[in-house]
Amino acid sequence: MIPAEFEYHKATSIQDAINQLGAHEDSKLLAGGHSLLPMMKLRFAEPPTLIDINGIEELRGIRLEGDTICIGAMTTENELIESEILQQHCPLLVEAARLVADPQVRNRGTIGGDVVHGDPGNDHPAVMLALDATLVLQGPGGERQQPANGFFLGTYWNDLQEHEILVELRVPVIRQGVGHGYSKLKRKTGDYAVAGSPVVVELDGDVCRDIRIALTNVAPMAIRAEAAENVLRGKVIDDALIEQAAAEVIAACDPAEDLRGDIQYKSHMAAEMARRSIRAALQQARG
Ligand SMILES: Cc1cc2nc3c(=O)[nH]c(=O)nc-3n(C[C@H](O)[C@H](O)[C@H](O)COP(=O)(O)OP(=O)(O)OC[C@H]3O[C@@H](n4cnc5c(N)ncnc54)[C@H](O)[C@@H]3O)c2cc1C
C-alpha cells in the first residue's frame, strides 16, 4: 500500500502544467487524487513524476455564458452540488454528483479527473454523454473542443492527446420542455454503480423530439444506447415503447462480470435504471 518513489511538482498555470508534462517523461497530473493515488498505492500506476494542478485557479469555478454552463475541470463534486447555477440550470449534474462516492471523496474529487480517468464505473462520463457536453482541451498545440460523444474509447482510454489537459466542460442549460433523470444502482453508500443511466429528453408537445440515454459501468467505457434512443425519438412515449427501448439497452450492454454481478444481472439492472430515468425525465419535461 505504499506507492513507488515519485517526483512532485506544483504547476502555477495551465501553460506551466503543459510544459511540465512535456519536460517529465510519463508524468501524470494530480487533481483530487482519489483515483490516481489508490492506483499508485496498489502499484497499478507508477508515474515517476506528479504535476499537481490544484493551485491553478483558472481551472476552477462554474460560470454561465448565454445558454452554456462552463465548469472548470478542477471543480469538486461538492462544489457541483452547492452550485446555484447548476441547481437552477442543470440539476442533472447536481443529482449525479450527490451519487458519487462519499463526502470525503466528493470534497477533493474533481469533475475533470472523473471524466478523464477512464474508469467505466465513474459517473460523470455517462452524464456528459447524456448532456451532450463539450470538453475543452489544451495542449502544446493550443486549445481544441471535443464533443463528449466520441471522447471515451475504452477502459482507461480516451481521446486525450499527449501532454493535453482537460481545462473545462461545457454543458447546455436545461430549457423548458427538457427533462432529465439519473438512476444509479449501488450495493451500498459510497460504492461505484452496478449500473447507472442518465437520460435527457426533449419534448415537442407530447412527442419526443430528442432523447439521449447513456449508461454507466455496463461496458468498457460510458456509452450511449443509441438503438434505444431510436425506438423513442419522434414518438409519443408510452410503456410499450419504454419496454422496447429497455430491450435495446440490454442489447447494448457489455459489462465485465465481477463482485457487483454477472453479465445478465448487470445488463438487466442497466435496463431498469434506464426505464426509471426515462420516466423521471418525461415527468420533468412535461412540467
Ligand atoms: C472510495 C471511492 C469511491 C468512489 N466512488 C465513485 C463513484 O461512485 N462514482 C464516481 O464517479 N467516482 C467514484 N470514485 C472516484 C472519484 O470520483 C475520483 O475522484 C475521480 O475518479 C477522479 O478525480 P480526481 O480529481 O480525484 O482525479 P485524480 O485521481 O487526481 O486523477 C485521475 C486521473 O485523471 C488525470 N487527470 C485529472 N485531472 C485532469 C485534467 N484536468 N486533465 C487531464 N488529466 C487529468 C490524472 O492524471 C489521473 O490520470 C470513488 C473513489 C473512491 C476512492
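Since this is a predicted model, take the numbers as computed values, not measurements. (Residues numbered from 1 in each chain as written. Predicted model: local features only at pLDDT ≥ 70, side-chain atom pairs only at ≥ 80, totals over all residues.)

## A word on the overall build of the protein
- Scanning the protein from terminus to terminus reveals 11 helices and 14 strands.
- Each of the 287 residues in the protein was classed as buried or not, and the buried ones make up 46%. (Helix = DSSP H or I, 4+ residues; strand = E, 2+ residues; numbered from the N terminus. Buried ≥ 20, exposed ≤ 12 C-beta atoms within 10 Å, placed from the backbone.)

## With respect to the pairing of strand 3 (residues 49–52)
- Of the strand pairs in this sheet, strand 1 (residues 7–10) and strand 3 are connected by 4 bridges, and their pairing is parallel. In the sheet register, Lys10 faces strand 3, and the bridge partner there is Asp52.
- Where strand 2 (residues 28–30) and strand 3 come together, 3 bridges link them in parallel fashion. By the bridge assignment, Leu29 is partnered in strand 3 with Ile51. (Pairing = 2+ DSSP bridges.)

## Concerning the site of the ligand
- Close to the ligand lie 28 residues; Gly32, His34, Ala101, Gly109 and Gly113 are nearest.
- Elements with a contribution of two residues or more to the shell around the ligand: strand 2, helix 2 (36–41), helix 7 (111–117) and strand 10 (165–172).
- Residues belonging to the shell around the ligand are distributed by class as follows: 13 nonpolar, 12 polar and 3 charged.
- Each of domain 1 (7–52) and domain 2 (62–172) accounts for three or more of the residues forming the shell around the ligand. (Near = placed C-beta within 6 Å. Nonpolar A, V, L, I, M, F, W, Y, C, P; charged D, E, K, R; others polar. Domains from an automatic or database assignment.)

## Describing the domain arrangement of the protein
- Domain annotation of the protein identifies domain 1 (7–52), domain 2 (62–172) and domain 3 (193–286).
- Its C-alpha centre places domain 2 at a distance of 21 Å from the equivalent point of domain 3.
- Counting residues at the interface gives 17 residues for domain 2 and 15 residues for domain 3.
- For the side of domain 2 that touches domain 3, the secondary-structure elements that each account for two or more residues are helix 5 (91–98), helix 8 (124–131) and strand 8 (152–154).
- Its residues placed into classes, the side of domain 2 that touches domain 3 shows 11 nonpolar, 4 polar and 2 charged. (Contact = placed C-beta atoms within 7 Å.)

## Side note on the environment of Pro255
- Within the fold, Pro255 resides in the loop between helix 10 (239–252) and helix 11 (263–286).
- By the C-beta count within 10 Å, which is 23 here, Pro255 ends up buried.
- Through-space distance from the C-alpha of Pro255 to that of Ala195 is 9.2 Å; in sequence the pair is 60 residues apart.

## Things to note about the sheet that holds strand 1
- The parallel open sheet is built from 3 strands, whose spatial order is 1-3-2. What marks the edges here is a single partner per strand, and that holds for strand 1 and strand 2. Pairs of neighbouring strands in the sheet enclose a mean axial angle of 30°, with direction left out of account. (Axes fitted to C-alpha atoms, helices over the stretch in contact; angles between N-to-C directions.)

## Digging into the nonpolar core
- Membership of the largest hydrophobic core comes to 84 residues, with the highest contact counts inside it found for Ile53, Val201, Leu215, Val249, Ala270 and Ala274.
- Sorting elements by how many residues they give to this core places helix 11 first, with 9 residues.
- Discounting residues that sit within four places of it in the chain, Leu215 has contacts with Ala126, Ser197, Ala222, Ile223, Ala225, Val249, Ala252, Cys253 and Ala270. (Core = buried A, V, L, I, M, F, W, Y, C linked by C-beta atoms within 7 Å.)

## Digging into the packing of helix 10 against helix 11
- Between helix 10 and helix 11, whose axes approach to 8 Å, the crossing angle comes to 140°. In this view, helix 10 runs oblique relative to helix 11, as classed from their interaxial angle. Between helix 10 and helix 11 lies a crossing whose hand is right-handed. Residues Ile242, Ala245, Ala246, Val249 and Ile250 of helix 10 form the contact with helix 11, whose own contacting residues are Ser267, His268, Ala270, Ala271, Ala274, Arg275 and Ile278.
- In terms of residue class, the contact of helix 10 with helix 11 is made up of 9 nonpolar, 2 polar and 1 charged. (Parallel < 35°, antiparallel > 145°, perpendicular 65-115°, else oblique. Left-handed = near helix turned anticlockwise from the far one by under 90°.)

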